[in-house]
Amino acid sequence: IPKEYYLKMTSKYQERRDFLVQELEKLGFECTQPNSAYYAFMRFRNVPALKGFSKPIDASIFLLKEIGVATVPGDNFYYNGHNTDYIRFCFCRQMPQLQKAVKRLQKLQEYNAETALKQK
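Residues numbered from 1 in each chain as written. Predicted model: local features only at pLDDT ≥ 70, side-chain atom pairs only at ≥ 80, totals over all residues. Heavy atoms only, no water.

Engineer: How should the pairing of strand E4 (residues 86-90) be read in this particular structure?
Structural biologist: A regular strand places its side chains so that they alternate between the two faces of the sheet. Most of E4 sits inside the fold, with four of its five residues counted as buried. The pairing of strand E3 (residues 72-73) with E4 spans two bridges and is classified as antiparallel. Residue pairing for E4: Pro73 is matched across the bridge by Ile87. (Buried < 20%, exposed > 50% of the residue type's maximum accessible area, 1.4 Å probe, protein only. Helix = DSSP H or I, 4+ residues; strand = E, 2+ residues; numbered from the N terminus. Pairing = 2+ DSSP bridges.)

Engineer: Would you mind showing me how to read the layout of surface pockets here?
Structural biologist: Where empty space is left becomes clear once a probe the size of a water molecule has been rolled over the atoms. For the largest pocket, the calculated volume is near 330 Å³. Looking at the lining of the largest pocket, the elements that each hand over two or more residues are E4 and helix H3 (95-105). Ranked by the residues each element gives to the lining of the largest pocket, the list is headed by H3, at six residues. By residue class, the composition of the lining of the largest pocket is ten nonpolar, three polar and four charged. Here the second largest pocket is characterised by a volume of approximately 170 Å³. Taken together, Tyr6, Met9, Thr10, Tyr13, Gln14, Arg17, Pro34, Asn35, Ser36, Ala37, Tyr38 and Phe91 form the lining of the second largest pocket. For the lining of the second largest pocket, the per-class residue count stands at seven nonpolar, four polar and one charged. (1 Å grid on protein atoms, 1.4 Å probe; cavity = no way out; pocket = protein on both sides within 12 Å on 5 of 7 lines; lining within 4 Å. Points joined across faces, edges and corners; volume = space filled by probe spheres on them. Nonpolar A, V, L, I, M, F, W, Y, C, P; charged D, E, K, R; others polar.)

From the geometry alone we can't say anything about function, so treat these as descriptive.
What follows is the structure, given as structure tokens:
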């Protein structure tokens, strides 16, 4: 496979990563910029709609059921689930799908911690 193929692929993933991380940060998520991954590990404690959830699995289920976006609870990636502040978003999808996900995630602004927890 020619080197240009990998350069083009790297560029596409960087574009997707930058887009998704920037949009998630606008909603209150915090991120340590991933350098060589196809997912973003996002701290959700400052997102008003999600800060009331004590476990990442509850935040992930809310995002799936109410917002229509699938995530992976971050405590699955820590020894004995010690860190409960993160969820993982994958950005290895095509840009139109990421844009659609961001549009759905913007619905988080319609919730606060109390109203989100009532949906649980």
